[in-house]
Amino acid sequence: MSDFTSNFWSVYVAGITVVSILACLLLLWVTGKAKATTASDNTTGHVWDGDLREMNNPLPRWWAWLFVITIVFALVYLALYPGLGTYAGKLAWTSSGQHQTEVDKGNAETAPLYAKFSAMKPEDVAKDAQAMAIGERLFMNNCAQCHGSDARGNKGIPNLTDNDWLGGGTPEIIKADITKGRIGMMPPMAAAVGTADDVKNVAQYVLSLSGSPHDSVRAALGKEKFVVCAACHGPDGKGMQALGSANLTDNIWLHGYGEAAIIAMINGGKTNIMPAHGDKFSEAQIHVLASYVWGLSNKGGVAAK
Ligand code: HEC
Ligand code: HEC
C-alpha cells in the first residue's frame, strides 16, 4: 500500500471495506425482520417439486448471532491488523517484521555456536563435524547451483575439491572470493598474436605445456608468440594467482580441452564472473563457509593434488 503516491487509493479501499461490512449488518437487519405475509398458514406461496413450500420464518437466532460475531471479529481484526487502506493497525504487525523476528531469534540461538567457530582457526573449524554440517548446508543453498553439489564445478566454473586455484586456495583468499566475488578477465588476444595460423601455433604451444598431444613444429613456432600471453600467464605458463590467470601446464581445463577450445579462448577472450556474497552472510558464516570450502581440498588437513 505504501507504493501509492497519494492517499486516494488508501481511502478508496478502506471505504469499500467499511461499506461492505455495514452492508452485511444491514442485510442481517433486513432479513431478521418478519415479513408481512398474506397467507394464513405462514407460507410465502413458493412451491417446489409439487409440495415443497417455503415458510416465512425469521432467521434462526443462533445463525443470526454467528453472523454478528463474524462482523465483530472483522472490526476487531481491522483495528489490530493492517487491512483498512494504509492503516497499519494497533499491533503494527507486518509479515516482514514477523520474518525479521524469526531471523533474529534464529541468529540469537546460533550466536554462541558461531562465536565458538569464529575464535577457531579455519584449519580447526574444518575438523569440527558440527561446523562442517553448517558449512555444507550454506554451500548447498548458496554455491551448489554453480559449483555443483559435489563442488566439482563445471565448464567455466572451478572445481573446488582439487588444489588447482585461479586465485589461491588459502582460507583468507577463499573468504575474499566469497565476500567480494571474482572476475576472471582474459581479453581477446587474436590481434596481438597475429594471423589465424599464428593463433593455431600458440594453441599447439599451450598444449605442449601440459604434455598434451601436440604438433611440435607448430608449438615451436607458437612459443615465440607466447610472449604476449606471458604477461598474464607467466613466462612458464603456470599462471599468476594475483591476476587470476589459469595455470596452462597442469592439464586442468576450466574452459575446455583441446586446440579448438584454446583457439576460442585466444580469439574471444573470457570474462568469468563469480558474484559477491558478502551481503548474504554474516562474517561468522563466511568464516565457517570458507573453512568448509578449504576443507574440500584439504581432507584431514592434507592438501589434495
Ligand atoms: C553464479 C555462479 C556462482 C555461484 C553462485 C558461486 N560461484 Fe564461486 N565461482 C564461480 C565462477 C564462475 C568462478 C570463477 C571465477 C574466475 O574465473 O575467477 C568461481 C570461483 C570461486 C572460487 C575461486 C576458485 C579458484 O580457483 O580460485 C571460490 C573459492 C568459490 N568460487 C567459492 C564459492 C562459494 C563458497 C560460493 C557460495 C557462497 C560460490 N562460489 C558461489 C561461480 C559461482
Ligand atoms: C590480460 C591477462 C591475460 C592475457 C594477456 C592472456 N590471458 Fe589467458 N587467461 C587469463 C585469465 C584471467 C584466465 C582465466 C579466466 C577465468 O577466470 O575463467 C585465462 C585463461 C586462459 C585459458 C583457459 C585455461 C583453462 O583452464 O581452460 C587459456 C587456454 C588461455 N588463457 C590462453 C591464453 C593464451 C594462449 C594467451 C596469449 C595469446 C592468453 N591466454 C593471454 C588472462 C590472460
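All figures in this text were calculated on a predicted structure; none of them were measured in a lab.

Around ligand 1, a shell composed of 25 residues is seen, among which Cys143, Cys146, His147, Leu166 and Met274 lie nearest. Backbone polar atom of glycine 167 to an oxygen atom of ligand 1: 2.9 Å apart, as the coordinates give it. Within the side chain of arginine 182, a nitrogen or oxygen atom sits 2.9 Å from an oxygen atom of ligand 1. Looking at the shell around ligand 1, the elements with two or more residues in it are α6 (144-147), α7 (171-180), β3 (182-186), β4 (270-274) and α13 (283-296). Split by domain, the shell around ligand 1 shows at least three residues from each of two domains, domain 2 (120-181 + 275-301) and domain 3 (185-274).

A word on the coordination of the iron atom of ligand 1. Taken together, His147 (NE2) and Met274 (SD) make up the full set of protein donors to the iron atom of ligand 1, lying 2.0 Å away. For the iron atom of ligand 1, the six donor atoms in the first shell make angles of 88 to 180° at the metal, a pattern classed as octahedral. Of this pair, histidine 147 sits in helix α6 while methionine 274 sits in strand β4, and the two are 127 residues apart along the sequence. A residue is classified by how much of its surface remains accessible, and histidine 147, at 9% relative accessible area, is buried. According to the relative accessible area criterion, methionine 274 is partly exposed, its value standing at 25%.

Further remarks concern the environment of isoleucine 173. Within the secondary structure, isoleucine 173 sits in helix α7. Along the sequence, isoleucine 173 and alanine 290 sit 117 residues apart, while their C-alpha atoms lie 8.8 Å from each other. Sequence-distant contacts of isoleucine 173, that is, excluding residues within four places in its chain, are made with Gly167 and Gly168.

Scoring rules and cut-offs
Starting from 1, residues in each chain are numbered consecutively following that chain's sequence as written. Chain letters and ligand numbers both follow the written order, the letters beginning at A and the numbers at 1. Selection of residues for local features in this predicted model requires a pLDDT of at least 70, selection of side-chain atom pairs for listing and counting requires 80 or more, and totals for whole chains, interfaces and linings are taken over all residues. In computing side-chain values, all of the structure's heavy atoms are included and hydrogens and water are not. It suffices for a single heavy atom of a residue to lie within 4 Å of a molecule or strand for the residue to be listed as near it. Here a polar contact is taken to be a pair of N or O atoms separated by no more than 3.5 Å, where protein atoms must pair a possible hydrogen donor with a possible acceptor and residues adjacent in sequence count only if both atoms sit in side chains. Only DSSP runs of H or I reaching four residues or more are called helices, and only runs of E reaching two or more are called strands; each is numbered from the N terminus. For every domain, the bounds stem from an assignment made automatically or drawn from a database. Each metal site lists N, O and S donors within 2.8 Å (3.2 Å for Na, K and Ca). With water left out of the atoms, a site can look as if it is missing ligands. Irregular is the default label, applied whenever a site is not tetrahedral (four donors, all angles between 85 and 135 degrees) and neither square planar nor octahedral (four or six donors, opposite donors over 155 degrees apart, all other angles between 65 and 115). For each residue, the accessible area found with a 1.4 Å probe, counting protein chains only, is set against the maximum for its type, and the residue is called buried under 20%, exposed over 50%, and partly exposed in between. Note on definitions: a residue-residue contact is assigned when non-hydrogen atoms from the two residues lie within 4.5 Å.

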